[in-house]
Amino acid sequence: MTAEQKWQEARDILNSNPTEQELQKAIALIQEAVADNHAGAYFTLAMLYFTGNGFEQDKQKAFDYLQQSHALGYERSKLMLATFLIEGEFVEKDLSKAELYLRELAEKGDVDACAHLSQNIFDDVFPNDDKEEGVIWLRKAAELGHPTAMARLGQICGNRCQDEEAHFWFGKARSEGVEGIDEAEQQYSSETYSQRRIDYIRYCLSVKDYSAVSEIIERDANHGDTEALYLIADFYINGMGEDQFGIDVERGLKIYVELSSKGDAHADYMLGRLYGR
């Protein structure tokens, strides 16, 4: 049996919820493959030491085996090496190298690297003012089948009032066995939509993301949402952003006049204030 065959058999055993006897057989196969300088086997052995599966947990040994795996060209070793580089454990802290490793893997479609890169951008581990890149990598991870990324993306879509997409990703996460989805999804019901929209608009205004504000209220207005029309009218009257809603009092008043003609009490009130009636 070749080193590759031994490694593959060991992985199959480890992925099958092995008994203690089966676990020891897998470890023996991995160690034989390591003796033949198999890069993947070094990585698997590192993970066993890192998690304490079959051995007493020993992160120093895990790091040493990861370095061996990386030196032999096993790409996925970069995923765990990035963790050590971020923490500065057993190696000098190097965020630039950690980010490079994760980006290299993520760009090749490694689902875990996509998820880790996204989280580190959200957590400001990697200096990056563009949080939208974090969303891009999170979406990539979700699309590649990462259950936790699916749930997180559902939350982000819900916070952005993209409810149809939010419920889609919550459903996918639920089907993957992610716990707590029912409770999380309840936060994004139709009853909470109005307040979520206000919170999201406030956030977007705070970071001067006027295009996002424009997108959400125009979308809702096109679906007949009266509160969205109020917002558009107010933004035209007061000005909001350079390109989306520059001051255009006449246009804002026209929206209120149209609503007032349909018996809208709030529109009547606003016209009274604006005209001093």
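Note that this is a predicted model, so its numbers are computed, not measured.

(A) Spatial organisation of the environment of Ala26. Relative to the assigned elements, Ala26 resides in helix H2 (residues 20–35). Among the residues examined, Ala26 registers a relative accessible area of 0% and is labelled buried. Setting aside anything within four residues of it in sequence, one finds Ala26 in contact with Ala10, Ile13 and Leu14.

(B) Up close: the packing of helix H4 (residues 59–71) against helix H5 (residues 77–87). At their nearest, the axes of H4 and H5 sit 9 Å apart, and the two run at 135 degrees to each other. Regarding the angle of H4 to H5, the classification is oblique. In this structure, the crossing between H4 and H5 has a hand that is left-handed. In contact with Lys59, Phe63, Leu66, Gln67, Ser69 and His70 of H4, H5 contributes Ser77, Lys78, Met80, Leu81 and Phe84.

(C) Geometry of the packing of aromatic side chains. In total, this model carries 11 aromatic pairs according to the counting rule given. Feature note: the residues Tyr42, Tyr49, Phe55 and Tyr65 constitute an aromatic cluster, connected by ring pairs. Its end group placed over the ring of Phe122, Arg152 keeps NZ or CZ at 5.3 Å from the ring centre.

(D) The arrangement of the nonpolar core in detail. Core analysis: the largest hydrophobic core is formed by 62 residues, its most contacted members being Ile30, Leu66, Leu102 and Leu117. The leading source of residues in this core is helix H3 (residues 39–51), at 9 residues. When near neighbours in sequence (up to four residues on either side) are disregarded, Leu117 contacts Glu99, Leu102, Arg103, Ala106, Phe126 and Trp137. Counting residues in each nonpolar core, the second largest holds 24 residues, with Ala212, Ile216, Tyr230 and Ala233 among its members.

(E) The side chain of Asp220, seen in detail. Structurally, Asp220 is set in helix H13 (residues 210–222). Within polar-contact distance, the side chain of Asp220 engages the side chain of Arg197 at 2.8 Å. Setting aside anything within four residues of it in sequence, one finds Asp220 in contact with Tyr193, Arg197, Asp225 and Ala228.

(F) Summary view of helix H1 (residues 3–14). Across its 12 residues, H1 extends 16 Å between first and last C-alpha, which sits within 8% of the 16 Å expected from 1.5 Å per residue. Along H1, the residues classified as buried are Ala3, Lys6, Trp7, Ala10 and Ile13. In a view along the axis of H1, the buried residues occupy a sector of 120 degrees, so they form one face of it. Here the buried face of H1 lies against H2 and H3.

Parameters and conventions
Residues numbered from 1 in each chain as written. Predicted model: local features only at pLDDT ≥ 70, side-chain atom pairs only at ≥ 80, totals over all residues. Heavy atoms only, no water. Helix = DSSP H or I, 4+ residues; strand = E, 2+ residues; numbered from the N terminus. Buried < 20%, exposed > 50% of the residue type's maximum accessible area, 1.4 Å probe, protein only. Contact = heavy atoms within 4.5 Å. Axes fitted to C-alpha atoms, helices over the stretch in contact; angles between N-to-C directions. Parallel < 35°, antiparallel > 145°, perpendicular 65-115°, else oblique. Left-handed = near helix turned anticlockwise from the far one by under 90°. Phe/Tyr/Trp six-rings, centres within 6.5 Å; stacked < 30°, edge-to-face > 60°. Lys NZ or Arg CZ within 6 Å of the ring centre and 35° of its normal. Core = buried A, V, L, I, M, F, W, Y, C linked by side-chain atoms within 4.5 Å. Polar contact = N/O pair within 3.5 Å; in protein donor to acceptor, adjacent residues only side chain to side chain. Expected span 1.5 Å × (residues − 1). Arc of directions from axis to C-beta.

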